[in-house]
Amino acid sequence: MIKLAHPDISEREIRAVTGVLRSGTLSLGPQATAFERLFARKVGRKHAIALNSGTSALHLIVKALGLGPGDEVITAPYSFIASVNCILYEGAKPVLADIDPVTLNIDPAQVERRITRRTRAVLPVDVFGLPADYAALDGICRRHRLMMIEDACEALGARYRGRPAGSFGRAAAFGFYPNKQITTGEGGMAVCDDRKLADLIRSYRNQGRSFMGGWLAHHRMGYNYRMSEINAAMGRVQLSRLGSMLKTRRRLAGTYRRLFRERLPEFTVLSDVPDAERSWFVFVVLVPPPIRGKGRDRLLMGLRESGIECAHYFPALHLQPVLKRLGYRRGDFPIAEEVADRSLAIPFHHRLSLHDQERVVRTMRKLL
């Protein structure tokens, strides 16, 4: 079996984790504080708050910015479901805007068309590690006096016009699930430049405690969203290795691009775009239009039966059963639906050999 994803764990991470276990300090210790400081510096922010998932990071940003019932937040229909769920958690309304067919990120022109008197924020997602068009989105938000929240959970190490992903908007969220550029097992990070916002997120993640009170003094309703010392120790090492791991991912992506160009040119691979540098998160291809939908699904099943893990990244959010309450239907976002019906994620991780990549492409060609 060729796995879809595999974390890149070295002996350094193992030593760091066992060191924490031997220390006896498993939570609220120096590892998380150090990881936060290093991460903030890496992404060009003043503050970083370590959390137990990227979803938690995005949720607390939405909450700390005061978004709630009666507010609308514009976001993309082509993303992991957390980007919409975090809006719903706080009783705000997700308003979807279609995506650009090349970048697969939210289309700024569509965002502007969706603004109403209730709109308070725009939440772009850096899909598959490519930063959104922040020049255009920032201009829209400034003109309409809207907050911008960057979902950079898939984009650590990416850059837009020389600036790192995560440095745009009022705040940004990152995720460290095992298939991401770095992993902490489970974990996430919220980043911002506003000290008051950072302190509020810290309070929310720690059961509403305040810096001014004791362990049993709770100043607001909060959550247990803390990152453990074990996860943070692993994250510190992973962050120090980010450059080499991104280099490996770029090499693997380059090999896939060459193989598809030579052997399956009818497939569409993710494009480079001006002003943006992708941080490779997963390797997604778009199947030819004639086999979209059911044909793509047959290809997916054939690959799995041939011992090659693959996945449908991403289904269109507005067609997910749990989100029917938003009132959207098929046809509302034609570009997102077209891309979703053609998307196929294939194995992408540091353990892939050239033989593995050739086998993946060769098998796909045989199954067509």
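That block above? That's the structure.
Residues numbered from 1 in each chain as written. Predicted model: local features only at pLDDT ≥ 70, side-chain atom pairs only at ≥ 80, totals over all residues. Heavy atoms only, no water.

Enquirer: Sorry, what's going on with the sheet that holds strand β12 (residues 283–286) here?
Expert: Pairing between the strands of a sheet comes from backbone hydrogen bonds, and it takes one of two forms, parallel or antiparallel. Across the sheet, 3 strands lie side by side as β10-β12-β13; this open sheet has antiparallel pairing. Each edge of the sheet is formed by a strand with only one pairing partner; in this case those strands are β10 (268–269) and β13 (343–346). Sheet analysis places β10 next to β12, joined by 2 bridges and oriented antiparallel. Counted as the bridge partner of T268 is L286 from β12. Sitting on the sheet, helix α9 (residues 242–263) touches β10, β12 and β13, and the angle it makes with β12 is about 20 degrees. Running over the sheet, helix α11 (residues 334–342) touches β10, β12 and β13 and is turned about 40 degrees from β13. (Pairing = 2+ DSSP bridges. Helix = DSSP H or I, 4+ residues; strand = E, 2+ residues; numbered from the N terminus. Contact = heavy atoms within 4.5 Å. Axes fitted to C-alpha atoms, helices over the stretch in contact; angles between N-to-C directions.)

Enquirer: Explain the side chain of E13 to me, please; I cannot follow it from the model alone.
Expert: Note that E13 resides in helix α1 (residues 11–23). On the basis of relative accessibility, which here comes to 1%, the residue E13 falls in the buried class. (Buried < 20%, exposed > 50% of the residue type's maximum accessible area, 1.4 Å probe, protein only.)

Enquirer: Quick question: what am I supposed to make of empty space enclosed by the protein here?
Expert: The method is simple in principle: a probe with the dimensions of a water molecule rolls over the atoms, and the space it marks as empty is what remains. For the coordinates displayed, the defined rule picks out 1 cavity of 30 Å³ or more. Along the wall of the largest cavity there are 14 residues; nearest its centre are H6, D8, Q181, M245 and R249. Each residue belonging to the lining of the largest cavity can be placed in one class, and the counts come to 4 nonpolar, 7 polar and 3 charged. (1 Å grid on protein atoms, 1.4 Å probe; cavity = no way out; pocket = protein on both sides within 12 Å on 5 of 7 lines; lining within 4 Å. Points joined across faces, edges and corners; volume = space filled by probe spheres on them. Nonpolar A, V, L, I, M, F, W, Y, C, P; charged D, E, K, R; others polar.)

Enquirer: What's the story with helix α3 (residues 54–64) in this structure? I'm lost.
Expert: Count 3.6 residues to each turn of an α-helix, and residues three or four apart come out pointing the same way. Taken across its 11 residues, α3 has 10 buried, putting it largely inside the fold. When we look at burial in α3, the residues that qualify are G54, S56, A57, L58, H59, L60, I61, V62, K63 and A64. Of the residues that open α3, the one with a side-chain oxygen 3.4 Å from the backbone nitrogen of T55 is S53. (Polar contact = N/O pair within 3.5 Å; in protein donor to acceptor, adjacent residues only side chain to side chain.)

Enquirer: Honestly, α11 in this entry has me stumped. Any pointers?
Expert: Listing the buried residues of α11 in full gives A336, E337, V339, A340, D341 and R342. Looking at the buried residues of α11, the elements they touch are β10, β12, α10 (294–305) and β13.

Enquirer: Sorry if this is basic, but what is going on with the pattern of salt bridges here?
Expert: Note that side chains of opposite charge can pair when their charged atoms are close. The full count for this structure, using the stated rule, is 20 salt bridges. A salt bridge links D199 to R195; the nearest nitrogen and oxygen atoms lie 3.0 Å apart. Of this pair, D199 and R195 are both found in helix α7 (residues 195–205), 4 residues apart, which corresponds to roughly one turn of the helix. Overall, the relative accessible area of 24% leaves D199 in the partly exposed class. The residue D341 makes a salt bridge to R292 at a minimum N-O spacing of 2.6 Å. (Salt bridge = Lys/Arg side-chain N within 4 Å of Asp/Glu carboxyl O.)

Take it as geometry only, folks, not as evidence of what the structure does.
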